[in-house]
Amino acid sequence: MGATQPGPNNGKSERVAHPGRVIGVTVAAAVGGLLFGFDTAVINGAVDAIGEEFTLSPGILGFTVAITLLGCAAGAWFAGQLADKLGRKLVMVGAAVLFAANSVGSALAFSEWDLMLWRLVGGLAIGTASVIAPGYIAEVAPAKWRGALGSVQQLAITIGIFAALLSDAFLANTAGSALGELWWGLPAWRWMLLVGVLPAIVYGVLALTIPESPQYLVRKNRDAEAAKVLTTISGVTDTDRKIADIRDSFKSPQPTFRDLRGPKFGLQPILWVGMAIAAFQQLVGINAIFYYSTTLWKSVGFSESDSFTTSVITSIVNVLMTLVAIVFVDRIGRRKLLMIGSAGMFVGLLAATVSFFQAVDVDGEVSLPGIWGPVALVGANLFVVFFAATWGPVMWVTLGEVFPNNIRSLALGLGAMVNWIFNFIVTLAFPWVSDNFGVWIMYAIFTAFAVLSFWFVKTKLPELSGRELEDREGLETS
């Protein structure tokens, strides 16, 4: 299956009469992405302190970090089903409640098992947000803006990561270390986890203010409400035609997992494309950097304070380069951006691999001699630059638009679940492989997957830029 050119654009029935409104609801929905990024990255600054406070082995500590991702996979799996039954808005509110509960419970955890439980709850919230936001944004956004607006979700994720790492650094520096005591007698690492309550409340309030998705409203035969959203938010002038197109794209009143079945290994071919893109985004190793960056830089000679600062700088690069994706994703196209990203990630990962291959043991600590420390730092940040400008946002844009209307929520949930499962595998494997075989082996594996991701996009992914969600020409049998 090769690349497919965009089908005819029905954009003649669209105008962006109120761009501020569509941007506003996009930002409100994307706050879930901010919490997604915050909750996944906030553990970065707390992980070593948690290991010391609860006296955890590297394996148990790694599982404590990674267990959130199992919750993410479960949340993603069920989110699509719930969204089709209850609506996008209500599921967003439920996710906000779970985010808040996770922050309080994790901060007050009395044992590693208690902490694991609350991190699992947080994972359910993150997984839910990872499905709801890109799907909702794709359904309300005009086709010509869908790539840029869909990328706002990833921008929010990167801002959440930045906010988490900045908060971690501030609290650790204020207390003297992550184990240092702060207000109410709680150590800094507990405050790192507790501050997530504030954005969770904001997310819940905003979710109550945005309109419901027009696709959901049409499925529930609430055509008048759908027409209002299409007119005031999406800029559609011919709402009768648009609603008819949406209804025609539904092959059944309520989709079930039976609708995902197809001739290619039991599933529709387009599902395998979406799941592969979701898997590759994790297999290049991005979250090994964001979950373990502080620990990693300490291991090669940086002080704790410098390690926190370096992690914050990396997250700033992540935010800025996501803005590049927002500018170019609709101009250049999804496929070309992803291939550029794969090539750039390969160069950065290769530099990091060669650098860590030079690592030596000094008094039981890993150190990079000579120029190899700076080379590793440049390579890792080059990797982040290309990931943030391409695979970070474009994967979520792709998942939000590649699946047919009839199964979008279920298929997006399946794709997001695959993404979280591979996130879990990489997160759990990284410390174990690094300890037993060396960090360079892990980076070599990431480098290989960067090459494979280039080949897959070039040969298997159809171009999606400019298509209406109802335009499936050339996609169903791809």
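In this report, we go over the structure that sits alongside the text. Position numbers for residues count from 1 along each chain, tracking the sequence in the order it is written. Only residues with pLDDT of at least 70 are given local features in this predicted model, and only at 80 or more are side-chain atom pairs given and counted; all residues enter the totals for whole chains, interfaces and linings. Hydrogens and waters are ignored; side-chain quantities use all the structure's heavy atoms.

### With respect to the packing of helix 15 (residues 334-357) against helix 18 (residues 439-460)
Only the stretch in contact is used when a helix axis is fitted, and all axes are lines through C-alpha atoms; the angle between N-to-C directions ranges over 0 to 180 degrees. Note on conventions: DSSP H or I runs of at least 4 residues are helices, E runs of at least 2 residues are strands, and numbering of each starts at the N terminus. Close contact between helix 15 and helix 18 brings their axes to 8 Å; oriented N to C, the two are set at 165°. For the element pair helix 15 / helix 18, the angle class is roughly antiparallel. The hand of the helix 15/helix 18 crossing is left-handed. Charged means Asp, Glu, Lys or Arg here, nonpolar means Ala, Val, Leu, Ile, Met, Phe, Trp, Tyr, Cys or Pro, and polar covers whatever is left, Gly included. Here the contact of helix 15 with helix 18 is built from residues that sort into 19 nonpolar, four polar and two charged. Should an angle lie under 35 degrees it is considered roughly parallel, over 145 roughly antiparallel, and from 65 to 115 roughly perpendicular; all remaining angles are considered oblique. Left-handed is the label given to a crossing in which the near helix is rotated counterclockwise from the far helix by less than a right angle, and right-handed is the label when the rotation is clockwise.

### A short note on the packing of aromatic side chains
Each aromatic pair joins two rings of Phe, Tyr and Trp (for Trp, the six-membered one) with centres within 6.5 Å, and gets the label stacked for planes under 30 degrees apart, edge-to-face for over 60, and tilted for any other angle. In this structure the tally under the stated criterion is seven aromatic pairs. When the ring of Phe280 is compared with that of Phe456, the centres are 5.7 Å apart and the planes differ by 45°; the resulting orientation is tilted. Pair noted here: Phe280 is in helix 12 (residues 269-283) and Phe456 is in helix 18, with a separation of 176 residues, a long-range link. Per residue, the accessibility class of Phe280 equals that of Phe456, and both read buried. Note on Phe357 and Trp440: the rings are 4.8 Å apart at their centroids and 80° apart in plane angle, and the pair reads as edge-to-face. Taken together, the residues Phe357 in helix 15 and Trp440 in helix 18 connect sequence positions 83 residues apart. Between buried and exposed lies partly exposed: a residue is buried under 20% and exposed over 50% of the maximum accessible area for its type, with that area taken using a 1.4 Å probe on protein chains only. The exposure class assigned to Trp440 is partly exposed, which follows from its relative accessible area of 29%.

### A look at the side chain of Ser355
With respect to the element layout, Ser355 can be found in helix 15. Working rule for contacts: check all heavy atoms of both residues, and any pair within 4.5 Å makes them a contact. Once you skip the residues sitting within four places of it in the chain, Ser355 turns out to touch Leu368, Trp372, Val375 and Ala376.

### Thoughts on unusual backbone geometry
Among all residues save glycine, negative phi is the norm, and among peptide bonds the norm is trans. The phi dihedral of Asn221 is positive, around 60°, even though this residue is not glycine. Along the polypeptide, Asn221 turns up in the loop between helix 9 (214-219) and helix 10 (223-232). Judged by relative accessible area, Asn221 falls into the exposed class, the value being 60%.

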